[in-house]
Amino acid sequence: MKNKVTLGLIGFGTVGAGVAKILQAHVREMERRCGARLHLKYICGRSLRPRPGVRLSPETRFTRDWKELIHDPELDIVIELIGGYEPARTMIEAALAADKHVVTANKAVLSKHWGDLFELAARRRRLLYFEASVGGGIPVIQALNEGLAANRIERILGILNGTTNYILTRMERQGENFQTALKDAQRAGFAEADPAFDVDGIDAAHKIAILASIATGGWARLKDVYREGITHLEPVDLLMGRERLDSTIKLLGIARWAPEGLELRVHPTFVPRQHPFANVRDEYNAVCIEGDAVGDVILYGKGAGQMAAASAVVSDIIFLARQVASGTAGQIPYVNYDSSRSPRVRPVEDLVSRYYLRLTTLDKPGVLGRIAGILGRCGVSIASVYQNVEDGGLSGAKQVPIVLITHKGREKSVQMARRVIDRLPSVRKKTSLIRILD
Ligand code: HSE
């Protein structure tokens, strides 16, 4: 038994400061849960500027050199919180190679290098924990990896990005415009350093790839995640959702295991009002995991923000420290990775769904007929058509939004129809396509 577990923190930004706060606030509780004292020996960052609410112990050293931590024989656990692909990946690999256990919140590195990292961790018999990488404060990694281990996972559905959920909530409820809502999310500390990662769906793609990798025991590769963001959405889409579909729009990450392969995608989706996800607002996230034995399990909580993410990081530290203290850490891997279990991902063209199409056309005779003809020739069946909807800012020009809702159809056919429709001279803008969750 060890009575002290030594930690080094790389990255002292918003989440790093939150971790330091929790470690200080619950010192006795930590000791009780870990069976050892937690000693934060290093903080490594660009500068040690004071952080509100953080008082560092004189025992904690500041350094700008991450290699100092990794090569300190006393150090047991490296906590990587700098985010981004590089140099974070190099640091994590160097830490594992130097026989340190690692806690990270880095969904970008994990999703891109999943197989390599877990092979390395297994070779070195070190543990790599990553609860904060998905769902902020929601313990979804533990739940999927351990709590639901008895199940064959059939589907995972998630609101996985707090920033976009915050933006969509503001657009819908306060009629706020996209840019203002994004600025608020940045001020609140939810957004990525480059907010394109949030609004283009990249962050959600990282997260669904991680969840799908855990569920399969292989590696669901980031490049195989079909991805659309929320930048093309207009207020009229939210309005139409409310009035005509009794639905709201959420950016969903979806992994569905079908006999033909794994569907793996991130895109805005109409979610019916009666679905629990419709009430997930602001920076909150929710994940629904469907297992063959358990049925549906829904997890809900703050998906972004300082203390939510710090809660997940510190829970990893506790689980790891307990194993380090008892001398069992690394005897069995945290995640079972076997490259032969990597899933075959189905092309999005094979998807079958109902679709919402918003066309921006000139308001003149025959236009709708031509559009309906194209859809019919492509094998797409129209369920309803709406024109003269409130135009979401397009008035003044002789252009009107036409909204079409289709019956279930194949994505390939809908995409083909859209390409042909968008070449018509009377169609003035790229047609917007949103999938409808059944
Ligand atoms: N930018 C991320 C989000 C942070 O908005 O969800 C948490 O991963």
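Residues numbered from 1 in each chain as written. Predicted model: local features only at pLDDT ≥ 70, side-chain atom pairs only at ≥ 80, totals over all residues. Heavy atoms only, no water.

## A few points about the overall build of the chain
Counting secondary structure elements, the chain contains 14 helices and 17 strands. Computed over C-alpha atoms, the radius of gyration of the chain comes to 24 Å, within 12% of the 22 Å expected from 2.2 N^0.38 for 438 residues, which places it in the range of a compact globule. The dimensions of the chain, computed from C-alpha atoms along their principal axes, are 80 × 45 × 35 Å. Put simply, the chain has 438 residues, and 57% of those count as buried. A sequence separation of at least 24 residues applies to 74% of the contacts in the chain between residues at least 6 apart. Positive and negative side-chain charges of the chain, numbering 61 and 48 respectively, have mean locations separated by a distance of 2 Å. (Helix = DSSP H or I, 4+ residues; strand = E, 2+ residues; numbered from the N terminus. Rg over C-alpha atoms; globule rule 2.2 N^0.38 Å. Buried < 20%, exposed > 50% of the residue type's maximum accessible area, 1.4 Å probe, protein only. Contact = heavy atoms within 4.5 Å. Lys, Arg positive; Asp, Glu negative; His and termini not counted. Charge placed at Lys NZ, Arg CZ, Asp CG, Glu CD.)

## Looking at the pairing of strand β15 (residues 399-406)
For a regular strand, the rule is simple: side chains alternate between the two faces of the sheet. Where burial is concerned, most of β15 is hidden: 7 out of the 8 residues are buried. Where strand β13 (residues 352-362) meets β15, 7 bridges bridge the pair, whose relative direction is antiparallel. Bridge pairing links Leu359 to Ile402 in β15. In this structure, strand β14 (residues 382-386) lies alongside β15, joined through 4 bridges in antiparallel fashion. By the bridge assignment for β15, Tyr386 is matched with Val403. (Pairing = 2+ DSSP bridges.)

## Quick look at the domain arrangement of the chain
Examined at the domain level, the chain breaks down into domain 1 (4-136 + 306-341), domain 2 (140-302) and domain 3 (350-436). Once you take the C-alpha centre of each, domain 1 and domain 3 turn out to be 50 Å apart. (Domains from an automatic or database assignment.)

## Observations concerning the pattern of salt bridges
Where side chains of opposite charge bring their charged atoms close, a pairing between them can arise. Taken as a whole, this structure holds 30 salt bridges when the rule is applied. In this structure, the salt-bridge partner of Lys4 is Glu74, at a minimum N-O distance of 3.0 Å. Here Lys4 is found in strand β1 (residues 4-10), whereas its partner Glu74 is found in the loop between α3 (66-70) and β4 (77-80), with 70 residues between them in sequence. Residue classification places Lys4 among the partly exposed positions, given a relative accessible area of 27%. Arg187 is paired through a salt bridge with Asp184; the nearest N and O atoms lie 2.6 Å apart. (Salt bridge = Lys/Arg side-chain N within 4 Å of Asp/Glu carboxyl O.)

## A few points about the packing of aromatic side chains
Using the criterion set out here, one finds 9 aromatic pairs in the structure. Aromatic side chains Tyr85 and Phe197 sit 6.3 Å apart centroid to centroid with 50° between the ring planes, which places their arrangement in the tilted category. Of the two residues, Tyr85 is situated in the loop between β4 and α4 (88-97) and Phe197 in helix α9 (residues 196-199); the sequence distance between them amounts to 112 residues. By relative accessible area, Tyr85 is classed as partly exposed at 25%. Plain terms: the ring middles of Tyr166 and Phe190 are 5.5 Å apart, the flat faces sit at 70° to each other, and that makes the pair edge-to-face. Residue Tyr166 is located in helix α7 (residues 162-173), and its partner Phe190 is located in the loop between α8 (178-187) and α9; the two are separated by 24 residues in the primary sequence. Just as Tyr166 is buried, Phe190 falls in that class too. Cluster of aromatic residues (ring-pair linked, three or more members): Trp114, Phe118, Tyr129, Phe130 and Tyr334. Geometry around Tyr85 places Lys112 over its ring, the cationic atom sitting 4.5 Å from the centre. In this structure, Arg221 packs its charged tip against the face of Trp219, placed 3.8 Å from the ring centre. (Phe/Tyr/Trp six-rings, centres within 6.5 Å; stacked < 30°, edge-to-face > 60°. Lys NZ or Arg CZ within 6 Å of the ring centre and 35° of its normal.)

## Thoughts on the site of the ligand
All residues adjacent to the ligand are Lys107, Asn161, Gly162, Thr163, Phe190, Ala191, Glu192, Asp198, Asp203, Lys207, Gly303 and Ala304. In this structure, Asn161 approaches the ligand through a side-chain N or O atom, which is 3.5 Å from an oxygen atom. Within the backbone of Gly162, a nitrogen or oxygen atom sits 2.7 Å from an oxygen atom of the ligand. Summarising the interface, the protein chains cover 91% of the accessible area of the ligand, which totals 250 Å² for the free molecule. Of all elements in the fold, only α7 and α10 (202-216) reach the threshold of two or more residues within the shell around the ligand. (Near = heavy atom within 4 Å. Polar contact = N/O pair within 3.5 Å; in protein donor to acceptor, adjacent residues only side chain to side chain. Areas by Shrake-Rupley, 256 points an atom, 1.4 Å probe, with all protein chains shown as cover.)

## Section: unusual backbone geometry
Cis rather than trans, the peptide bond between Glu86 and Pro87 has omega equal to 5°. Among the secondary structure elements, Pro87 is positioned in the loop between β4 and α4. Phi angles above zero are rare outside glycine, and Asp99 is one such case at about 65°. Structurally, the position occupied by Asp99 is in the loop between α4 and β5 (101-104). Notably, Arg125 is not glycine yet its phi reads approximately 55°, a positive angle. Checked against the element boundaries, Arg125 lands in the loop between α5 (107-124) and β6 (128-129).

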